[in-house]
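Chain residues, written in single-letter form:
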Amino acid sequence: MKNNIILLFTALSIALLAACEKANIDVDTSDANGSAIGEVSGVWSKGSIQHIKGDIIIPEGKTLTIEEGVTVLMDSVGKAEIVVLGNLYALGTAENPVKFTVEDKYKSKTNEFGKLWGGILAAPSCQELVLDHTIIEYGGAVTSDASMSVKMGLYKKTAGEALPALWFSNIDGKLIVQNSTISHFHEDCTYIEGGKIIFANNRFFSNGVTGGEAMNFKSGCLADVAYNLVYSVNTNALKLSNSGDRIPQAHIIVYNNTMLNTGWRRPTAKGGSVWLEASVKAEVYNNLFANTRFGVKRDPKKPEDKRSVSSNNWYYGYDQLTVDQFQVGKNDIVEGTNDVRGKLAGENNPKFVNYPLETPGDNYVFNAAWDFHLQGNSSALKAGTLAFKPHFIDGLTLSNGLSYSSPQPATYVGAFGAKF
């Protein structure tokens, strides 16, 4: 009997130890680097390195705060996923961003479109999610029956889907993505199914192999999308849709964004810049389209809400093919009020400070030295409008006391204006 009790105690100890290894609950690594698998919450402190050894889950009712300068190294063998049932705040700074990435040895030409880990998947129970000065790269793994997201019925719920960098799905939730970079993902960068949303001052580049949008919004979304740079995404910079039968109706205000070379790597697709469909209410102002495929375009079979507005957008094409395909009257292109849209190659040069406009449309390699500010003699500096009000110009206040506001519109077009 004594031997049986000892054996039972030993087995229970082993099981408890294994459970602890799989569930780091209320983790606070305020004084050290760490590793995690299973349930996590608490604080990952400034400058630490967190090694994610497998799928991690922020439990419902719990919060994980990631402070500036934290590097989150994702397991690329098991294609780890980050499941957010509670709240997530990634709070980097310009000097010390938060990074969700992989070890440098995996950042090769072979893996330039990621698939090395999954993505950040926020379930309907997630009330608040903030990505501020955050870099997310080299993810977008394709799910299998063994994937945590498939087992939990998240995102598209089936195996064989390339995960986005970010999925958010709470129509009553608050989502802030600002000053951040998403690059080297396999397909969609973001897939948003509801919430009060601010997407501002972000960069998207080197994303999408056979499809994928930079920002993909569905029904339930009230969103302000402003001052973002989208470079050579495979399909659309923005897909704006009211699909999904959620309330409220999707109402997306898109203003002062710069889009370049979008859509050309998927020439058989129906869109290529801003795609409107399924009764979405869209307002599109002050955007700069340079060498993009199409511009603002609708689905003629499932058009946008008739209250939608397009105004003061700027179009430039280096060659005649580009110019021809964004003409109103062709390809279901949306005509905007006060648009600047020439008919000849080279008209309406926006005069970027440093970007070769002859760069091929299918180029997806981003050069950090490029500067998309406008030269002081650019006519685009005075082509914008202020005659609209973003949703969240007065701010969104979160439960942790932080507050975020949508940026004010500018009188220039594009994301950057003049360089001072």
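If you're wondering where the values come from, they're calculated on a predicted model, not measured in any experiment.

Some thoughts on the nonpolar core
A general feature of soluble globular proteins is that nonpolar side chains tend to end up buried together. Of all hydrophobic cores here, the largest spans 66 residues; its most connected members are L129 and F217. In this structure, F205, L260, W314 and A380 belong to the second largest nonpolar core, which totals 28 residues.

Points about empty space enclosed by the protein
Applying the stated criterion across every chain yields a total of one cavity of 30 Å³ or more. For the largest cavity, the full set of lining residues is T143, S149, V150, L154, Y155, K156, K157, T158, E161 and L163. Of the residues belonging to the lining of the largest cavity, the class tally is four nonpolar, three polar and three charged.

Details of the layout of surface pockets
Taken as a whole, the largest pocket encloses approximately 270 Å³ of empty space. Forming the boundary of the largest pocket are 20 residues, of which D188, G212, E213, K239 and R266 lie nearest the centre. Considered class by class, the residues forming the lining of the largest pocket number five nonpolar, six polar and nine charged.

With respect to the side chain of E128
Its location among the elements puts E128 in strand β11 (residues 128–132). Of the buried charged residues, E128 lacks a salt bridge, with K174 as the closest side chain of opposite charge at 4.8 Å.

Describing the packing of aromatic side chains
Tallied over the full model, the rule gives 20 aromatic pairs. Residues Y231 and Y355 carry aromatic rings whose centres are separated by 6.2 Å and whose planes lie at 80 degrees to one another, so their mutual orientation is edge-to-face. With Y231 in strand β21 (residues 229–231) and Y355 in the loop between β32 (352–354) and β33 (371–374), the pair connects residues that are 124 residues apart, well separated along the chain. In this pair, the class of Y231 matches that of Y355, namely buried. Consider the rings of W370 and F372, whose centres lie 6.3 Å apart with planes at 70 degrees: the pair is edge-to-face. Residue W370 shares its accessibility class with F372, and that shared class is buried. Put simply, the rings of F205, Y231, F352, Y355, F366, W370 and F372 pair up and form one aromatic cluster. It is K297 that lies over the ring of F294; its NZ or CZ is 3.8 Å from the centre. Sitting above the plane of the Y315 ring, R341 keeps its charged end 4.1 Å from the centroid.

Remarks on the environment of G118
Note that G118 resides in the loop between β9 (98–101) and β10 (120–122). Considered as a pair, G118 and G140 are 22 residues apart in the sequence and their alpha carbons are 5.0 Å apart. Sequence-distant contacts of G118, that is, excluding residues within four places in its chain, are made with K79, A80, E81, G139, G140, A141, L163, P164 and F185.

Some details on unusual backbone geometry
Cis geometry is adopted by the peptide bond preceding P248, which originates at I247 and carries an omega value of 15 degrees. Following the sequence through the fold, P248 ends up in the loop between β22 (238–241) and β23 (251–255). Unusually for a residue other than glycine, N261 sits at a positive phi of about 60 degrees. One can find N261 in the loop between β24 (258–260) and β25 (274–277).

Reading guide: rules and limits
- Here the residue numbers are simple positions, counted from 1 along each chain's written sequence.
- Under the rules for a predicted model, residues below a pLDDT of 70 receive no local features and side-chain atom pairs below 80 are neither given nor counted, while totals for whole chains, interfaces and linings still include all residues.
- Processing note: side-chain calculations cover all non-hydrogen atoms of the structure and skip hydrogens and water entirely.
- Only buried residues count toward a nonpolar core, which is a set of Ala, Val, Leu, Ile, Met, Phe, Trp, Tyr and Cys residues joined through side-chain atoms within 4.5 Å.
- Categorising residues by exposure relies on relative accessible area from a 1.4 Å probe, with only protein chains included: less than 20% of the type maximum marks a residue as buried, more than 50% marks it as exposed, and the intermediate range marks it as partly exposed.
- Cavity: a set of points on a 1 Å grid over the protein atoms alone where a 1.4 Å probe fits but cannot get out. Pocket: an open set with protein on both sides within 12 Å along at least five of seven lines, its lining residues, like those of a cavity, having an atom within 4 Å of a point.
- Grid points are joined across faces, edges and corners, and a volume is the space filled by probe spheres set on the points.
- In this classification, the charged set is Asp, Glu, Lys and Arg, the nonpolar set is Ala, Val, Leu, Ile, Met, Phe, Trp, Tyr, Cys and Pro, and all remaining amino acids, among them Gly, are polar.
- Secondary structure elements follow DSSP: runs of H or I of four or more residues count as helices, runs of E of two or more count as strands, with numbering from the N terminus.
- The charge count treats Lys and Arg as positive and Asp and Glu as negative. His and the chain ends do not count.
- We define a salt bridge as a contact between a side-chain nitrogen of Lys or Arg and a carboxyl oxygen of Asp or Glu at a distance within 4 Å.
- Under the pairing criterion, centres of Phe, Tyr and Trp rings, with the six-membered ring standing for Trp, must be within 6.5 Å; the plane angle then separates stacked pairs below 30 degrees from edge-to-face pairs above 60, leaving the rest tilted.
- In this analysis the charged atom, NZ for Lys or CZ for Arg, is taken to sit over a ring once it is within 6 Å of the ring centre and within 35 degrees of the ring normal.
- The criterion used for residue contact is that any of the two residues' heavy atoms lie within 4.5 Å.

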